[in-house]
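Next come the chains, spelled out residue by residue.
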Amino acid sequence: MCGIFGISGHPSAAALTHLGLYSLQHRGQESAGIVAVDGEQVRAIRAMGLVSDKFSAEAMATLIGTVAIGHTRYSTAGSSTIDNAQPKLVHFRGGHIVLAHNGNLTNAAELKDSLEAEGSIFSSSADSEVIVHRLAKARTAAPEAQLAEALEGIEGAYSLLVAIGETLLAARDPYGWRPLAMGRLNGATVFASETCALDIVGAVAVREVAPGEIVAVEPDGTTRTLQRPPAPVLHRCVFEHVYFARPDSRVFGGSVDRARRALGRRLAREHPAPGADFVFSVPDSSNSAALGFAEASGLPLELALIRNHYVGRTFIQPTQQGRDEKVKVKYNAVREILEGKSVVMVDDSIVRGTTTRGLVSLIRAAGAREVHMRVSSPPITGPCYYGIDTPDRAQLIAAQHDVSEIARLIGVDTLGYISLDGMLQSVPNGPDGFCHACFSGSYPTRPPAAPVQLRRS
Ligand code: AMP
């Protein structure tokens, strides 16, 4: 998964992009980059690691220009290396192309093969580079038409920010898988994966880039839009509401906080835990769902798990070893709260079960008498090909075991997952128009030809 941010028409474009990326750090922690465009001059900084660590004042001072694009990356396609860090910057006969991508393309391997057969040389293993090559070949004149031409035949999920010359382009795939918001800051136009990044720079959210739309912004503020036909049924990723986006954001036209609270309330109705002493969340991603559960169940909400804020998202580690180590240092249980109690632990999802198993033993070691786990998304039974890192069915606990077995494996007394219908009815602007392939197995596109090879290449 990734976070993207772009701005046009502001003298401090790069500095504002840097600020915006702070609010998109949760979408990707492996690498970050900023590219600024100053007429013909384009300057880039990319680094492995966190936004807060990697951009010195000296380096930032080199990023002159009124147009900038930034990216935070978590590798879901291509390996975790600096070559794959974005934004991508290439020079070609028509000048330069800058590109930042959130999502996964499902036919990238085939498109890459045919480009290579025609002589293209790839400098990274990221699927996004396919778009850059196709852009460089586009024959149409207007930048938005070039992007439309390049995207023709590309399948899968993309929210994109592209600069061709000084034109800033924002685009979403016709299914609308990943969010992309548009805002205004005085005369400048700002785009961001989530509205929390508009808030941090002081921009006002105006609207979302529509599924299938390409918005082109010139340095003087002139804006054009090219609407490609949206898919007959949208596939906005419901997991953005469940887990990925920040609760202070609005995505797909609705508040993430409201979505998560509604999920928690619904979960409490579907799987009550009578007799429990209190509810607690696995911070931070399930805080809002736990609040909803507490509200609907009438149980008090306690802060029984404390999260170390200096450790990143446990899951956002490309290897299992990295994840295991982080789980151990990330959470502590509060014995004074848990000792002798029957507790409800609310989490937003169970993927591999590794974090959850570790947490349950932590809670028990702190004296909890009974642990009842409630999950605000249904069992994840299939991989995501559209940008969330759940690629391998063999690693998904719910693809291998039923609910009672999972309860035993993770060590809880009872386990309840929200139903698919319950989830879809709880999110704003549902229940239709959401992708739930990882829960339901209903994939709207062909799966990638070789998802594993693509990821590890
Ligand atoms: P596990 O117990 O190993 O299945 O991990 C579940 C935890 O990972 C939950 O606390 C979720 O909040 C978190 N999580 C679920 N899906 C993802 C994802 N795609 N990326 C990052 N973290 C996730």
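Residues numbered from 1 in each chain as written. Predicted model: local features only at pLDDT ≥ 70, side-chain atom pairs only at ≥ 80, totals over all residues. Heavy atoms only, no water.

**A short note on the overall build of the protein chain**
- When helices and strands are counted, the protein chain shows 18 helices and 24 strands.
- By the compact-globule yardstick of 23 Å for 457 residues, the protein chain fits well, its C-alpha radius of gyration being 22 Å.
- By its C-alpha atoms, the protein chain is 70 × 40 × 40 Å across when sized along the principal axes.
- For the protein chain, buried positions account for 59% of its 457 residues.
- Taking contacts inside the protein chain between residues at least 6 apart in sequence as the whole, the part at least 24 apart equals 68%.
- In the structure as shown, the protein chain presents an accessible area of about 16800 Å², 53% of it carried by carbon and sulfur atoms. (Helix = DSSP H or I, 4+ residues; strand = E, 2+ residues; numbered from the N terminus. Rg over C-alpha atoms; globule rule 2.2 N^0.38 Å. Buried < 20%, exposed > 50% of the residue type's maximum accessible area, 1.4 Å probe, protein only. Contact = heavy atoms within 4.5 Å. Areas by Shrake-Rupley, 256 points an atom, 1.4 Å probe, with all protein chains shown as cover.)

**Considerations on the side chain of Ser-285**
- Mapped onto the elements, Ser-285 comes out in the loop between strand S17 (278-281) and helix H10 (287-297).
- Using a relative accessible area of 15% as the deciding quantity, one classes Ser-285 as buried.
- Within polar-contact distance, the side chain of Ser-285 engages the side chain of Asp-348 at 2.7 Å.
- Among residues more than four places away in sequence, those in contact with Ser-285 are Val-242, Tyr-243, Arg-260 and Asp-348. (Polar contact = N/O pair within 3.5 Å; in protein donor to acceptor, adjacent residues only side chain to side chain.)

**Structural notes on the environment of Thr-106**
- Within the secondary structure, Thr-106 sits in the loop between strand S6 (95-102) and helix H4 (108-117).
- Judged by relative accessible area, which is 3%, Thr-106 ranks as buried.
- Each C-alpha atom of the pair Thr-106 and His-96 lies 26 Å from the other, and the pair is 10 residues apart in sequence.
- Residue contacts for Thr-106: discarding those within four places in its chain leaves Glu-155, Gly-156, Tyr-385, Tyr-386, Thr-445, Arg-446, Pro-448 and Ala-449.

**What about the domain arrangement of the protein chain?**
- Here the domain parsing of the protein chain yields domain 1 (3-232) and domain 2 (255-429).
- Each of domain 1 and domain 2 has a C-alpha centre, and the two are 33 Å apart. (Domains from an automatic or database assignment.)

**Here's the deal with the sheet that holds strand S23 (residues 414-417)**
- As summarised here, the arrangement of the 5 strands in space is S18-S17-S21-S22-S23, forming an open sheet in which the pairing is parallel. In this open sheet, the two edge strands, each paired with only one partner strand, are strand S18 (301-302) and S23.
- Of the strand pairs in this sheet, S17 and strand S21 (residues 342-347) are connected by 4 bridges, and their pairing is parallel. Residue Phe-278 lies in a different strand from S21, and its bridge partner there is Val-343.
- Here helix H9 (residues 256-270) sits on the sheet and contacts S21, strand S22 (370-375) and S23; the angle it forms with S23, its principal contact strand, is near 125 degrees.
- Against the sheet, H10 makes contact with S17, S18, S21 and S22, and its axis sits at roughly 165 degrees relative to S17, the strand it touches most. (Pairing = 2+ DSSP bridges. Axes fitted to C-alpha atoms, helices over the stretch in contact; angles between N-to-C directions.)

**Thoughts on H9**
- Spanning 15 residues, H9 covers 21 Å between terminal C-alpha atoms, matching the ideal 21 Å at 1.5 Å per step.
- Along H9, the positions that sit buried rather than exposed are Val-256, Asp-257, Ala-259, Arg-260, Ala-262, Leu-263, Gly-264, Leu-267 and Ala-268.
- Its side-chain oxygen 3.3 Å from the backbone nitrogen of Asp-257, Ser-255 forms the N-cap of H9. (Expected span 1.5 Å × (residues − 1).)

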